[in-house]
Amino acid sequence: MTGLHSLEFFPPRTREGAEKLRAARRQLAQLSPAFCSVTFGAGGSTREGTLATVLEIRSEGLAAAPHISCIGSTRDSLRAVLGQYRSHDIRHLVALRGDLPSGTADAGEFRYANELVEFIRQETGDWFHIDVAAYPEYHPQAKTPQDDLDSFRRKVDAGADSAITQYFYNADAFWSFLDQCADAGIDIPIVPGIMPIASATKLARFSDNCGAEIPRWIRRKLEGYGDDTASIRAFGLDVVTDLCSRLLARGAPGLHFYTLNQASLTTTIWQRLGL
Ligand SMILES: Cc1cc2nc3c(=O)[nH]c(=O)nc-3n(C[C@H](O)[C@H](O)[C@H](O)COP(=O)(O)OP(=O)(O)OC[C@H]3O[C@@H](n4cnc5c(N)ncnc54)[C@H](O)[C@@H]3O)c2cc1C
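Below you will find a few notes about this structure. Treat the numbers as computed from the prediction; the structure is a model and nothing was measured.

Let us now look at empty space enclosed by the protein. For the structure shown, the criterion picks out 1 cavity of 30 Å³ or more. In terms of lining, the largest cavity is formed by Tyr-135, Pro-136, Glu-137, Tyr-138, Gln-166, Tyr-167, Phe-168, Gly-211 and Ala-212. Taken together, the residues of the lining of the largest cavity sort by class into 6 nonpolar, 2 polar and 1 charged.

To continue, consider the side chain of Thr-241. Relative to the helices and strands, Thr-241 is located in helix H9 (residues 229-249). Under the relative-accessibility criterion, Thr-241 is labelled buried at 10%. Excluding residues that lie within four positions of it along the chain, Thr-241 makes contacts with Ile-269, Arg-272 and Leu-273.

A positive phi angle, near 50°, is found at Ser-32, a position not held by glycine. Tracing the sequence through the fold places Ser-32 in the loop between helix H1 (15-29) and strand S2 (35-38). Positive phi is not limited to glycine here, since Leu-260 has a value of about 50°.

Taken together, the 8 strands give a closed barrel; going around it, the order is S1-S2-S3-S4-S5-S6-S7-S8, and neighbouring strands pair in parallel fashion. Here the average twist between neighbouring strands, direction ignored, is 30°. Two strands pair when backbone bridges link them, and strand S1 (residues 6-9) and S2 are joined in this way by 4 bridges, in the parallel orientation. Counterpart to Glu-8 in the pairing with S2 is Ser-37.

The geometry of helix H3 (residues 75-87) relative to helix H4 (residues 113-124) is characterised by a closest axis approach of 11 Å and an angle of 60° between their N-to-C directions. By the criterion of interaxial angle, the relationship of H3 to H4 is oblique. Relative to H4, the crossing made by H3 is right-handed. Contact with H3, carried on its side by Arg-75, Leu-78, Arg-79, Leu-82 and Arg-86, involves Leu-116, Phe-119, Ile-120, Gln-122, Glu-123 and Thr-124 of H4 and no other residues of that element.

Turning our eyes to something else, we now look at the packing of aromatic side chains. Using the criterion set out here, one finds 9 aromatic pairs in the structure. Their ring planes at 70° and their centres at 5.3 Å tell us that Phe-110 and Phe-119 sit as a pair that is edge-to-face. Of the two residues examined, Phe-110 and Phe-119, each falls in the buried class. Measuring from centroid to centroid gives 5.6 Å for Phe-152 and Phe-177, while their planes differ by 45°, and the two rings are tilted. Separated by 25 residues along the polypeptide, Phe-152 in helix H5 (residues 145-158) and Phe-177 in helix H6 (residues 171-183) bring together distant segments of the chain.

What follows concerns H9. An ideal rise of 1.5 Å per residue puts 30 Å on 21 residues; H9 measures up with 30 Å between its terminal C-alpha atoms. All of the buried residues in H9 are Ile-232, Phe-235, Gly-236, Leu-237, Val-239, Val-240, Thr-241, Leu-243, Cys-244 and Leu-247. Packing partners of the buried residues in H9 comprise H6, strand S7 (190-194), helix H7 (200-210), helix H8 (216-224), strand S8 (256-258) and helix H10 (264-273). Backbone geometry just downstream of H9 places Gly-251 in the positive-phi region, at approximately 105°.

Looking now at a nonpolar patch on the surface. A cluster of nonpolar side chains, namely Phe-10, Phe-206 and Leu-260, defines an oily patch on the protein surface of about 240 Å² accessible area. Looking at the secondary structure, you find Phe-10 in the loop between S1 and H1.

The rules behind these values
- Residues numbered from 1 in each chain as written.
- Predicted model: local features only at pLDDT ≥ 70, side-chain atom pairs only at ≥ 80, totals over all residues.
- Heavy atoms only, no water.
- 1 Å grid on protein atoms, 1.4 Å probe; cavity = no way out; pocket = protein on both sides within 12 Å on 5 of 7 lines; lining within 4 Å.
- Points joined across faces, edges and corners; volume = space filled by probe spheres on them.
- Nonpolar A, V, L, I, M, F, W, Y, C, P; charged D, E, K, R; others polar.
- Helix = DSSP H or I, 4+ residues; strand = E, 2+ residues; numbered from the N terminus.
- Buried < 20%, exposed > 50% of the residue type's maximum accessible area, 1.4 Å probe, protein only.
- Contact = heavy atoms within 4.5 Å.
- Pairing = 2+ DSSP bridges.
- Axes fitted to C-alpha atoms, helices over the stretch in contact; angles between N-to-C directions.
- Parallel < 35°, antiparallel > 145°, perpendicular 65-115°, else oblique.
- Left-handed = near helix turned anticlockwise from the far one by under 90°.
- Phe/Tyr/Trp six-rings, centres within 6.5 Å; stacked < 30°, edge-to-face > 60°.
- Expected span 1.5 Å × (residues − 1).
- Patch = residues over 30% accessible without salt bridge, like charges linked within 9 Å, V, L, I, M, F, W, Y side chains within 5 Å.
- Areas by Shrake-Rupley, 256 points an atom, 1.4 Å probe, with all protein chains shown as cover.
- Salt bridge = Lys/Arg side-chain N within 4 Å of Asp/Glu carboxyl O.

This is the structure we're talking about:
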């Protein structure tokens, strides 16, 4: 067990993807993460895959936490999911609003993640440890930073135990966010989400969607490497390892790695940090 350092996976959609994930996990299991979380698709696309992946991870001897999202869901459907998780003795959830697939009109019975956290607490008391999402660079739909902080506080007031952030490459954004949380009396652990850099184009696309900023100097360097994947990965490893070590040196309670079901970059960063 290594503190609060954890890994995130998504449920594979094909048999080949499942095999690749198993191979990645065999490598990553050697890092002894505190837990592995598994994403949960909005609109129901990967719900069964989330549970199956969680159970498989547990059978390999690691702690696992499914994500659960509420947008597009009814109370009855979420009650069923919670019941299913409880019946498997799952005690840890990452609770999110989720995003509706484009073209979907029906938002269901929940609008925001604080309503989901409240519902989980109403239905299941203290059975689950609940993680929620936090956004040091603010959620793209937030009207103002203060609105976003208020939204985060509502999730904590509803019963969240800890939080994992969206990834970021500006450490100062994280520290500023923690200061604002402290001023607002929010004192749950907030673990930075870490995105290793594997591909410049995918990272740019991802970041545009989720509102994470790639600092200009990083973006320009990545663009400058063109198709030279080896240089992109080497530069990315240096940048992300340095970010992680600065975060840990200043007291971040742990690191949560978005592995994208790949082992090598996360393993290298983890080992360079001596976690
Ligand atoms: C660690 C992590 C894991 C994730 N895992 C998944 C996953 O497994 N599956 C998935 O589909 N997505 C996942 N996401 C993405 C997430 O679902 C999206 O970022 C989504 O847009 C917001 O989810 P949330 O839980 O942060 O929502 P919320 O906390 O509800 O916030 C969403 C937006 O609404 C605003 N808001 C909140 N409450 C109110 C209110 N009462 N009035 C007005 N505005 C309000 C907030 O400021 C914010 O802009 C993850 C994100 C993170 C950071």
